[in-house]
Amino acid sequence: EISTLKKNLNILPPSSPDTGYLTSNHRIEIEDPLLSSSGAKALLQAFCEHEEIMLHQLLSKENLDPSWAKILIPIAARVANTVRPKICSSVDSIDIRNHVFLKKIPGGQRQECKSLGGVVFTKNVVHRQMMSYIEKPKILLLQCGIAYQRVEGKFVSFDTLMLQERDYLKNKVTKILSLGPNIVLVHKNVAGIAQDMLRGNGITLVLDVKLCVMERISRCLECDILTSIDSNVGQPKLGTCDKFHIKTFYDEQGSSKTMLCFVKSYSPRGCCVLLRGGAKSELIKIKKVMSSLLYARFNWRLELSYLYDACAQPPSPRSCIFEGEEFSPLEETNDSLITQLNATLYKHIDKQKIK
(Lines give C-alpha, C1' and ligand atoms only; values in the text may rest on other atoms or scores of the structure.)
Protein backbone atom coordinates (compact mmCIF):
# COMPACT_ATOMS: atom_id res chain seq x y z
CA GLU A 1 0.00 0.00 0.00
CA ILE A 2 1.23 3.48 -0.79
CA SER A 3 2.28 5.29 2.35
CA THR A 4 0.75 8.63 3.26
CA LEU A 5 4.15 10.26 2.87
CA LYS A 6 4.17 9.37 -0.81
CA LYS A 7 0.54 9.83 -1.80
CA ASN A 8 1.38 13.01 -3.73
CA LEU A 9 4.53 11.56 -5.24
CA ASN A 10 4.96 12.03 -8.98
CA ILE A 11 7.43 9.65 -10.58
CA LEU A 12 8.16 9.44 -14.27
CA PRO A 13 10.69 7.14 -15.90
CA PRO A 14 13.90 8.83 -17.04
CA SER A 15 14.07 9.94 -20.63
CA SER A 16 16.09 7.59 -22.75
CA PRO A 17 18.55 9.35 -25.08
CA ASP A 18 17.91 6.74 -27.76
CA THR A 19 14.12 6.63 -27.72
CA GLY A 20 13.26 10.18 -26.63
CA TYR A 21 9.92 9.04 -25.20
CA LEU A 22 9.65 11.88 -22.73
CA THR A 23 10.10 15.54 -23.47
CA SER A 24 11.37 18.17 -21.06
CA ASN A 25 7.81 18.60 -19.80
CA HIS A 26 7.81 15.02 -18.55
CA ARG A 27 10.86 15.01 -16.32
CA ILE A 28 11.34 13.05 -13.11
CA GLU A 29 9.86 14.95 -10.19
CA ILE A 30 11.68 14.01 -6.99
CA GLU A 31 9.92 15.09 -3.80
CA ASP A 32 11.36 12.54 -1.37
CA PRO A 33 15.04 12.40 -0.35
CA LEU A 34 14.95 8.62 -0.77
CA LEU A 35 14.27 9.01 -4.49
CA SER A 36 17.57 10.78 -5.00
CA SER A 37 19.53 7.74 -3.85
CA SER A 38 21.40 5.50 -6.23
CA GLY A 39 19.08 2.62 -5.36
CA ALA A 40 16.01 4.61 -6.39
CA LYS A 41 17.63 5.57 -9.67
CA ALA A 42 18.46 1.93 -10.33
CA LEU A 43 14.84 0.92 -9.72
CA LEU A 44 13.59 3.69 -12.00
CA GLN A 45 15.98 2.70 -14.73
CA ALA A 46 15.06 -0.97 -14.40
CA PHE A 47 11.37 -0.22 -14.78
CA CYS A 48 11.99 2.13 -17.71
CA GLU A 49 13.81 -0.61 -19.58
CA HIS A 50 11.18 -3.21 -18.71
CA GLU A 51 8.36 -0.88 -19.78
CA GLU A 52 9.95 -0.20 -23.15
CA ILE A 53 10.46 -3.91 -23.83
CA MET A 54 6.92 -4.80 -22.75
CA LEU A 55 5.33 -2.03 -24.82
CA HIS A 56 7.26 -2.96 -27.95
CA GLN A 57 6.13 -6.57 -27.51
CA LEU A 58 2.49 -5.47 -27.20
CA LEU A 59 2.73 -3.25 -30.27
CA SER A 60 4.45 -5.98 -32.25
CA LYS A 61 1.79 -8.51 -31.26
CA GLU A 62 -0.96 -6.20 -32.57
CA ASN A 63 1.05 -5.34 -35.74
CA LEU A 64 1.20 -1.65 -34.79
CA ASP A 65 3.80 0.99 -35.53
CA PRO A 66 6.49 1.03 -32.77
CA SER A 67 6.47 4.84 -32.87
CA TRP A 68 3.18 4.73 -30.92
CA ALA A 69 5.34 4.18 -27.84
CA LYS A 70 6.42 7.84 -27.92
CA ILE A 71 2.77 8.85 -27.57
CA LEU A 72 1.51 6.27 -25.07
CA ILE A 73 4.26 6.26 -22.42
CA PRO A 74 3.98 9.95 -21.37
CA ILE A 75 0.18 9.70 -21.21
CA ALA A 76 0.30 6.55 -19.08
CA ALA A 77 2.81 8.24 -16.77
CA ARG A 78 0.60 11.30 -16.23
CA VAL A 79 -2.48 9.17 -15.59
CA ALA A 80 -0.74 6.88 -13.10
CA ASN A 81 0.66 9.91 -11.27
CA THR A 82 -2.77 11.57 -11.00
CA VAL A 83 -5.48 8.94 -10.48
CA ARG A 84 -5.82 7.60 -6.93
CA PRO A 85 -8.24 4.64 -6.91
CA LYS A 86 -7.96 4.15 -3.15
CA ILE A 87 -9.86 7.37 -2.38
CA CYS A 88 -12.98 5.88 -3.98
CA SER A 89 -15.17 3.64 -1.85
CA SER A 90 -16.24 1.25 -4.60
CA VAL A 91 -15.28 -2.42 -4.39
CA ASP A 92 -13.45 -2.44 -7.72
CA SER A 93 -11.43 0.69 -6.94
CA ILE A 94 -8.08 -1.08 -6.71
CA ASP A 95 -7.81 -1.44 -10.51
CA ILE A 96 -6.89 1.89 -12.11
CA ARG A 97 -8.51 0.83 -15.38
CA ASN A 98 -11.93 1.17 -13.72
CA HIS A 99 -11.22 4.88 -13.24
CA VAL A 100 -9.72 5.73 -16.63
CA PHE A 101 -11.99 5.98 -19.68
CA LEU A 102 -10.25 5.34 -23.01
CA LYS A 103 -12.13 7.14 -25.79
CA LYS A 104 -11.45 6.28 -29.44
CA ILE A 105 -11.89 9.19 -31.88
CA PRO A 106 -10.90 8.18 -35.45
CA GLY A 107 -9.01 10.67 -37.58
CA GLY A 108 -6.67 13.47 -36.62
CA GLN A 109 -3.01 13.15 -35.68
CA ARG A 110 -1.31 11.00 -33.08
CA GLN A 111 -0.09 14.13 -31.33
CA GLU A 112 -3.73 14.90 -30.48
CA CYS A 113 -3.80 11.96 -28.07
CA LYS A 114 -3.97 13.31 -24.53
CA SER A 115 -5.32 12.76 -21.05
CA LEU A 116 -8.04 14.99 -19.61
CA GLY A 117 -8.98 15.18 -15.97
CA GLY A 118 -12.70 14.80 -15.48
CA VAL A 119 -15.27 13.21 -17.78
CA VAL A 120 -15.68 13.22 -21.57
CA PHE A 121 -18.52 11.45 -23.40
CA THR A 122 -20.38 11.57 -26.71
CA LYS A 123 -23.52 13.70 -26.49
CA ASN A 124 -24.82 17.18 -27.31
CA VAL A 125 -27.05 19.76 -25.67
CA VAL A 126 -30.76 19.89 -26.47
CA HIS A 127 -30.83 23.33 -28.12
CA ARG A 128 -28.25 25.42 -29.94
CA GLN A 129 -29.11 28.48 -27.88
CA MET A 130 -28.00 26.74 -24.69
CA MET A 131 -24.57 27.66 -23.38
CA SER A 132 -21.73 25.53 -24.76
CA TYR A 133 -18.96 26.93 -22.54
CA ILE A 134 -19.25 27.50 -18.79
CA GLU A 135 -16.51 28.09 -16.25
CA LYS A 136 -16.97 26.62 -12.78
CA PRO A 137 -20.40 25.14 -13.59
CA LYS A 138 -22.71 23.46 -11.11
CA ILE A 139 -23.99 20.13 -12.42
CA LEU A 140 -27.22 18.36 -11.45
CA LEU A 141 -27.73 14.67 -12.26
CA LEU A 142 -31.30 13.40 -12.63
CA GLN A 143 -32.03 9.72 -13.08
CA CYS A 144 -35.76 10.40 -13.43
CA GLY A 145 -37.51 12.11 -16.33
CA ILE A 146 -39.39 15.41 -16.29
CA ALA A 147 -42.78 14.72 -17.84
CA TYR A 148 -46.45 14.86 -16.91
CA GLN A 149 -48.08 11.48 -16.41
CA ARG A 150 -51.54 11.61 -17.94
CA VAL A 151 -54.29 9.44 -16.49
CA GLU A 152 -55.83 7.15 -19.07
CA GLY A 153 -59.54 6.40 -19.14
CA LYS A 154 -60.52 9.75 -17.63
CA PHE A 155 -62.49 12.33 -19.60
CA VAL A 156 -60.83 15.73 -19.29
CA SER A 157 -61.01 18.68 -21.63
CA PHE A 158 -57.90 19.35 -23.68
CA ASP A 159 -57.46 22.88 -22.30
CA THR A 160 -57.68 21.63 -18.73
CA LEU A 161 -55.17 18.89 -19.46
CA MET A 162 -52.69 21.32 -21.00
CA LEU A 163 -53.09 23.68 -18.05
CA GLN A 164 -52.46 20.86 -15.57
CA GLU A 165 -49.40 19.73 -17.50
CA ARG A 166 -47.94 23.24 -17.62
CA ASP A 167 -48.50 23.79 -13.89
CA TYR A 168 -46.97 20.42 -13.07
CA LEU A 169 -43.88 21.03 -15.20
CA LYS A 170 -43.54 24.57 -13.87
CA ASN A 171 -43.38 23.23 -10.31
CA LYS A 172 -40.74 20.70 -11.34
CA VAL A 173 -38.63 23.32 -13.08
CA THR A 174 -38.97 25.66 -10.09
CA LYS A 175 -37.58 22.96 -7.80
CA ILE A 176 -34.68 22.40 -10.18
CA LEU A 177 -33.93 26.13 -10.34
CA SER A 178 -33.98 26.33 -6.54
CA LEU A 179 -30.99 23.97 -6.47
CA GLY A 180 -28.95 26.46 -8.52
CA PRO A 181 -27.46 24.29 -11.30
CA ASN A 182 -25.98 25.56 -14.56
CA ILE A 183 -26.11 22.16 -16.28
CA VAL A 184 -28.74 19.43 -15.91
CA LEU A 185 -28.03 15.89 -17.12
CA VAL A 186 -31.09 13.65 -17.37
CA HIS A 187 -31.06 9.89 -17.80
CA LYS A 188 -34.55 9.85 -19.34
CA ASN A 189 -36.65 12.27 -21.38
CA VAL A 190 -37.84 15.79 -20.60
CA ALA A 191 -41.08 17.31 -21.86
CA GLY A 192 -40.80 20.06 -24.46
CA ILE A 193 -42.46 22.63 -22.19
CA ALA A 194 -39.92 21.92 -19.45
CA GLN A 195 -37.08 22.18 -21.97
CA ASP A 196 -38.22 25.65 -23.00
CA MET A 197 -38.53 26.73 -19.36
CA LEU A 198 -35.02 25.55 -18.55
CA ARG A 199 -33.59 27.19 -21.66
CA GLY A 200 -35.34 30.45 -20.77
CA ASN A 201 -33.60 30.39 -17.39
CA GLY A 202 -30.14 29.83 -18.89
CA ILE A 203 -29.88 26.14 -18.00
CA THR A 204 -27.93 23.81 -20.30
CA LEU A 205 -29.83 20.53 -20.68
CA VAL A 206 -28.55 17.14 -21.84
CA LEU A 207 -30.95 14.23 -22.39
CA ASP A 208 -30.69 10.44 -22.57
CA VAL A 209 -27.42 10.22 -20.69
CA LYS A 210 -26.40 6.63 -20.01
CA LEU A 211 -26.54 5.56 -16.40
CA CYS A 212 -22.92 4.34 -16.49
CA VAL A 213 -21.85 7.81 -17.68
CA MET A 214 -23.81 9.47 -14.88
CA GLU A 215 -22.16 7.17 -12.35
CA ARG A 216 -18.76 8.11 -13.76
CA ILE A 217 -19.63 11.81 -13.50
CA SER A 218 -20.89 11.28 -9.96
CA ARG A 219 -17.62 9.63 -8.94
CA CYS A 220 -15.28 12.10 -10.64
CA LEU A 221 -17.16 15.30 -9.78
CA GLU A 222 -18.33 14.08 -6.35
CA CYS A 223 -22.04 14.75 -6.80
CA ASP A 224 -25.32 12.94 -6.12
CA ILE A 225 -27.65 11.26 -8.60
CA LEU A 226 -31.26 12.18 -7.82
CA THR A 227 -33.77 9.42 -8.46
CA SER A 228 -36.68 11.84 -8.01
CA ILE A 229 -37.05 15.59 -7.74
CA ASP A 230 -39.72 15.31 -5.03
CA SER A 231 -38.16 12.60 -2.86
CA ASN A 232 -34.87 14.30 -2.06
CA VAL A 233 -34.33 15.12 1.59
CA GLY A 234 -32.19 18.16 2.21
CA GLN A 235 -29.90 19.84 -0.28
CA PRO A 236 -28.40 17.42 -2.82
CA LYS A 237 -24.73 17.73 -3.64
CA LEU A 238 -24.07 19.26 -7.05
CA GLY A 239 -20.99 18.49 -9.09
CA THR A 240 -18.47 21.07 -10.18
CA CYS A 241 -15.44 21.26 -12.44
CA ASP A 242 -13.05 23.86 -13.81
CA LYS A 243 -14.88 24.28 -17.10
CA PHE A 244 -17.49 22.74 -19.36
CA HIS A 245 -17.26 22.94 -23.13
CA ILE A 246 -18.41 21.17 -26.28
CA LYS A 247 -15.90 19.96 -28.85
CA THR A 248 -16.56 18.43 -32.25
CA PHE A 249 -14.06 16.07 -33.90
CA TYR A 250 -13.93 15.18 -37.59
CA ASP A 251 -12.46 12.11 -39.25
CA GLU A 252 -11.02 11.64 -42.74
CA GLN A 253 -14.43 10.74 -44.19
CA GLY A 254 -15.91 14.02 -42.97
CA SER A 255 -18.18 12.53 -40.31
CA SER A 256 -18.26 14.32 -36.97
CA LYS A 257 -18.49 13.33 -33.32
CA THR A 258 -19.58 15.83 -30.68
CA MET A 259 -18.17 15.44 -27.18
CA LEU A 260 -19.18 17.02 -23.88
CA CYS A 261 -16.12 17.77 -21.75
CA PHE A 262 -16.23 18.32 -17.99
CA VAL A 263 -12.61 19.23 -17.35
CA LYS A 264 -10.79 19.32 -14.01
CA SER A 265 -7.13 20.30 -13.73
CA TYR A 266 -6.65 17.81 -10.89
CA SER A 267 -8.89 14.76 -10.95
CA PRO A 268 -7.66 11.92 -8.69
CA ARG A 269 -11.03 10.16 -8.92
CA GLY A 270 -10.81 9.50 -12.64
CA CYS A 271 -9.85 10.87 -16.02
CA CYS A 272 -10.29 10.31 -19.74
CA VAL A 273 -7.70 9.46 -22.40
CA LEU A 274 -8.48 10.56 -25.95
CA LEU A 275 -6.96 8.30 -28.61
CA ARG A 276 -6.57 9.78 -32.11
CA GLY A 277 -4.37 9.41 -35.15
CA GLY A 278 -5.71 6.32 -36.88
CA ALA A 279 -8.66 4.39 -38.20
CA LYS A 280 -11.18 2.83 -35.84
CA SER A 281 -9.70 -0.65 -36.28
CA GLU A 282 -6.24 0.63 -35.36
CA LEU A 283 -7.49 2.59 -32.36
CA ILE A 284 -9.22 -0.52 -31.02
CA LYS A 285 -5.82 -2.19 -30.84
CA ILE A 286 -4.23 0.93 -29.35
CA LYS A 287 -6.90 0.98 -26.66
CA LYS A 288 -6.05 -2.61 -25.75
CA VAL A 289 -2.34 -1.82 -25.57
CA MET A 290 -2.95 1.35 -23.54
CA SER A 291 -5.05 -0.57 -21.03
CA SER A 292 -2.24 -3.07 -20.42
CA LEU A 293 0.31 -0.26 -20.17
CA LEU A 294 -1.75 1.60 -17.56
CA TYR A 295 -2.14 -1.57 -15.52
CA ALA A 296 1.61 -2.23 -15.55
CA ARG A 297 2.51 1.39 -14.83
CA PHE A 298 0.23 1.75 -11.81
CA ASN A 299 1.22 -1.61 -10.33
CA TRP A 300 4.87 -0.63 -10.71
CA ARG A 301 4.08 2.51 -8.74
CA LEU A 302 2.58 0.44 -5.93
CA GLU A 303 5.54 -1.95 -5.96
CA LEU A 304 8.02 0.92 -5.91
CA SER A 305 6.25 2.54 -2.96
CA TYR A 306 6.33 -0.76 -1.09
CA LEU A 307 10.06 -1.11 -1.70
CA TYR A 308 10.60 2.44 -0.41
CA ASP A 309 8.51 1.78 2.70
CA ALA A 310 10.52 -1.38 3.34
CA CYS A 311 13.78 0.56 2.79
CA ALA A 312 14.73 -2.00 0.16
CA GLN A 313 17.77 -1.47 -2.02
CA PRO A 314 18.69 -3.25 -5.24
CA PRO A 315 21.62 -5.67 -4.87
CA SER A 316 24.97 -4.05 -5.51
CA PRO A 317 27.14 -5.60 -8.23
CA ARG A 318 29.74 -7.95 -6.77
CA SER A 319 33.17 -8.69 -8.14
CA CYS A 320 33.63 -12.15 -9.55
CA ILE A 321 35.06 -14.54 -6.98
CA PHE A 322 37.11 -16.19 -9.70
CA GLU A 323 38.94 -13.02 -10.70
CA GLY A 324 42.69 -12.87 -10.17
CA GLU A 325 45.59 -15.16 -10.91
CA GLU A 326 44.21 -18.10 -8.97
CA PHE A 327 42.52 -20.86 -10.89
CA SER A 328 38.82 -21.39 -10.47
CA PRO A 329 37.56 -24.70 -9.06
CA LEU A 330 36.33 -25.64 -12.51
CA GLU A 331 39.73 -25.01 -14.03
CA GLU A 332 41.42 -26.98 -11.25
CA THR A 333 39.05 -29.90 -11.82
CA ASN A 334 39.74 -29.87 -15.55
CA ASP A 335 43.51 -29.81 -14.96
CA SER A 336 43.23 -32.71 -12.51
CA LEU A 337 41.27 -34.79 -15.00
CA ILE A 338 43.77 -34.09 -17.75
CA THR A 339 46.64 -35.08 -15.46
CA GLN A 340 44.95 -38.35 -14.53
CA LEU A 341 44.24 -39.16 -18.18
CA ASN A 342 47.83 -38.47 -19.15
CA ALA A 343 49.11 -40.67 -16.32
CA THR A 344 46.81 -43.51 -17.36
CA LEU A 345 47.88 -43.13 -20.97
CA TYR A 346 51.58 -43.24 -20.08
CA LYS A 347 51.08 -46.39 -17.98
CA HIS A 348 49.31 -48.05 -20.89
CA ILE A 349 52.16 -47.12 -23.25
CA ASP A 350 54.77 -48.48 -20.81
CA LYS A 351 52.92 -51.80 -20.55
CA GLN A 352 52.85 -52.10 -24.32
CA LYS A 353 56.61 -51.52 -24.50
CA ILE A 354 57.30 -54.19 -21.86
CA LYS A 355 55.24 -56.73 -23.80
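These notes cover the structure that comes with them. Here the structure is a predicted model, which is why all the values come from computation and not from measurement.

1. Thoughts on the overall build of the protein
Check the secondary structure of the protein and you find seven helices and 11 strands. Sorting the 355 residues of the protein into buried and exposed places 40% on the buried side. By sequence separation, contacts in the protein at least 24 residues apart represent 74% of the contacts at least 6 residues apart. When the accessible surface of the protein is totalled, it reaches about 20,800 Å², and 52% of it is carbon and sulfur.

2. Observations concerning the pattern of salt bridges
A side chain with one charge may pair with a side chain of the opposite charge, provided their charged atoms come close. According to the stated counting rule, one finds nine salt bridges in the structure shown. Its salt-bridge partner being arginine 110, residue glutamate 282 comes within 3.9 Å of it at the nearest N-O pair. Of this pair, glutamate 282 sits in helix H6 (residues 280-309) while arginine 110 sits in the loop between strand E1 (100-104) and strand E2 (114-122), placing them 172 residues apart in sequence. Linking aspartate 242 and lysine 136 is a salt bridge whose minimum nitrogen-to-oxygen distance equals 3.4 Å. Taken together, the residues aspartate 242 in the loop between strand E8 (239-240) and strand E9 (243-250) and lysine 136 in the loop between strand E3 (133-135) and strand E4 (138-142) connect sequence positions 106 residues apart.

3. Quick notes on the nonpolar core
One finds Val79, Val100 and Met290 to be the most contacted residues of the largest nonpolar core, which totals 27 residues. Sorting the residues of this core by element identifies helix H1 (38-61), helix H2 (69-82), E1, strand E11 (271-275) and H6 as the ones contributing at least two each. If you look at the next biggest cluster of nonpolar residues, it comprises 23 residues, including Cys144, Ala191, Leu207 and Leu238.

4. What about the packing of aromatic side chains?
Per the counting criterion, the structure on display carries four aromatic pairs. Taken together, a centroid distance of 6.1 Å and an interplanar angle of 5° make the contact between phenylalanine 121 and phenylalanine 262 stacked. Of this pair, phenylalanine 121 sits in strand E2 while phenylalanine 262 sits in strand E10 (residues 256-263); the two residues are 141 residues apart in sequence, bridging distant segments of the chain. Using a relative accessible area of 5% as the deciding quantity, one classes phenylalanine 121 as buried. Overall, the relative accessible area of 0% leaves phenylalanine 262 in the buried class. Ring geometry for phenylalanine 244 and phenylalanine 262: centres 5.0 Å apart, planes at 40°, overall tilted. Of this pair, phenylalanine 244 sits in strand E9 while phenylalanine 262 sits in strand E10, and the two are 18 residues apart along the sequence. Site record: aromatic cluster; members linked through ring pairs are Phe121, Phe244 and Phe262. The positively charged end of arginine 216 is found above the aromatic ring belonging to phenylalanine 101, 4.0 Å away from the centroid.

5. Considering the packing of H2 against H6
Two elements in contact, H2 and H6, have axes whose closest approach is 9 Å; the angle formed by their N-to-C orientations is 50°. Classed by the angle they form, the pair H2 and H6 counts as oblique. Here H2 and H6 pass one another in a crossing that is right-handed. Across from Leu72, Ile73, Ile75, Ala76, Ala77, Val79, Ala80 and Asn81 in H2, the residues of H6 making contact are Ile286, Val289, Met290, Leu293, Leu294, Arg297, Phe298 and Arg301. For the contact of H2 with H6, the per-class residue count stands at 13 nonpolar, one polar and two charged.

6. Details of the sheet that holds E1
The strand order E1-E11-E2-E10-E9-E3 describes an open sheet built from six strands, whose pairing is mixed. Pairing within the sheet leaves two strands with one partner each, and these edge strands are E1 and E3. Recorded for the sheet is a direction-independent mean angle of 45° between the axes of neighbouring strands. With four bridges connecting them, E2 and E11 associate as antiparallel partners. In the sheet register, glycine 117 faces E11, and the bridge partner there is cysteine 271.

7. A word on helix H4 (residues 192-200)
For H4, every residue scored as buried is listed here: Ile193, Ala194, Gln195, Met197 and Leu198. Following H4 by one or two positions, glycine 202 adopts a phi angle in the positive range, close to 75°.

Rules and cut-offs
Residues numbered from 1 in each chain as written. Predicted model: local features only at pLDDT ≥ 70, side-chain atom pairs only at ≥ 80, totals over all residues. Heavy atoms only, no water. Helix = DSSP H or I, 4+ residues; strand = E, 2+ residues; numbered from the N terminus. Buried < 20%, exposed > 50% of the residue type's maximum accessible area, 1.4 Å probe, protein only. Contact = heavy atoms within 4.5 Å. Areas by Shrake-Rupley, 256 points an atom, 1.4 Å probe, with all protein chains shown as cover. Salt bridge = Lys/Arg side-chain N within 4 Å of Asp/Glu carboxyl O. Core = buried A, V, L, I, M, F, W, Y, C linked by side-chain atoms within 4.5 Å. Phe/Tyr/Trp six-rings, centres within 6.5 Å; stacked < 30°, edge-to-face > 60°. Lys NZ or Arg CZ within 6 Å of the ring centre and 35° of its normal. Axes fitted to C-alpha atoms, helices over the stretch in contact; angles between N-to-C directions. Parallel < 35°, antiparallel > 145°, perpendicular 65-115°, else oblique. Left-handed = near helix turned anticlockwise from the far one by under 90°. Nonpolar A, V, L, I, M, F, W, Y, C, P; charged D, E, K, R; others polar. Pairing = 2+ DSSP bridges.

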